[in-house]
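# Structure at a glance
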Amino acid sequence: YLIGFVAVIMILCYSYGIDVLNKGRDPNKGREIKIALIQPNIDQMVKLNPRSLYEMLDLLGMMSKSTHSFKPSIIIWPETAVTTFVEKDFAALSKLKEVADYNNCYLITGGFHEEKGKIFNSLFVISPGGLIVSRYDKEHLMPFGEYLPFRNILFPFLRHTKFFDEDETPNNNPVIMRAGDNKIGGLIC
């Protein structure tokens, strides 16, 4: 009897779970969104070298263009795939626009944004027409990676590294990004 009782409880739990999941379905059920995730294997020291930026963008572009026959609606690149200020580096922005335009899709990429002297770790959404249509700035920064805690005490000891010259800024007003009709919640590790 015990095995039968456990089996009935398990079937009820499973049925309840299926029912709850089906009630929460998106009303656009059946609308297909194809997403291509591009993840190159680039050594961190290469990534941190400013002279490698355009070589990395070419690699990401080539990998993204290879998804053309898949016809993705959205292509996603890694956090800080663009290690410069996206809106100010016209050569880099041109490469991003080329990828979005070639694939006729939205490109989401990580990069940096500067506003009023503050630096933000951001995600950018580039439209198929090559426009930046949305941006999300990171909310919670990583100590020693994006800001130096106890700056007044530690900076004199770490000044020679050049890694801690400027802190990034958290954005306390997060936004939901948009890629066409799709709403996207940003996440930067």
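Residues numbered from 1 in each chain as written. Predicted model: local features only at pLDDT ≥ 70, side-chain atom pairs only at ≥ 80, totals over all residues. Heavy atoms only, no water.

## As for unusual backbone geometry
One non-glycine residue with positive phi stands out, namely Lys71, at about 55°. When you line up the elements, Lys71 lands in the loop between helix H3 (53–65) and strand E2 (74–76). One non-glycine residue, Phe150, lies in positive phi territory at about 50°. With respect to the helices and strands, the residue Phe150 is situated in the loop between strand E5 (132–137) and helix H5 (151–158). (Helix = DSSP H or I, 4+ residues; strand = E, 2+ residues; numbered from the N terminus.)

## Focus: the nonpolar core
Within the largest apolar cluster, 20 residues are counted, with the highest numbers of intra-cluster contacts made by Leu57, Ile75, Trp77, Val82, Leu96, Leu107 and Ile126. Elements supplying a minimum of two residues to this core: H3, helix H4 (90–103) and strand E4 (118–126). For Val82, the contacting residues outside a window of four places in its chain are Leu53, Leu57, Ala92, Leu96, Thr109, Gly110, Gly111 and Phe112. In terms of nonpolar packing, the next biggest core, distinct from the first, is built from 10 residues, Ile74, Leu123, Val125 and Ala179 among them. (Core = buried A, V, L, I, M, F, W, Y, C linked by side-chain atoms within 4.5 Å. Buried < 20%, exposed > 50% of the residue type's maximum accessible area, 1.4 Å probe, protein only. Contact = heavy atoms within 4.5 Å.)

## Some details on the pattern of salt bridges
Counted according to the given criterion, the structure contains eight salt bridges. One salt bridge connects Glu115 with Arg135, and the closest N-O pair in it is separated by 3.9 Å. In this pair, Glu115 is assigned in strand E3 (residues 106–115) and Arg135 in strand E5, connecting sequence segments 20 residues apart. Residue class for Arg135 comes out partly exposed when judged on its relative accessible area of 26%. Of the charged contacts, one joins Lys138 and Glu146 as a salt bridge, the two residues approaching to 2.8 Å between their closest N and O atoms. For Glu146, a relative accessible area of 7% gives the class buried. Each of Glu87, Glu115, Arg135 and Asp137 takes part in salt bridges that share partners, so that together they form one network. (Salt bridge = Lys/Arg side-chain N within 4 Å of Asp/Glu carboxyl O.)

## A look at the side chain of Asp89
With respect to the helices and strands, Asp89 occurs in the loop between E2 and H4. Buried charge Asp89 goes without a salt bridge, the closest partner of opposite sign being Lys95 at 9.4 Å. Within the structure, Asp89 has its side chain in polar contact with the side chain of Thr84 (distance 3.5 Å). Beyond its immediate stretch of four places on either side in the chain, Asp89 contacts Leu53, Tyr54 and Thr84. (Lys, Arg positive; Asp, Glu negative; His and termini not counted. Polar contact = N/O pair within 3.5 Å; in protein donor to acceptor, adjacent residues only side chain to side chain.)

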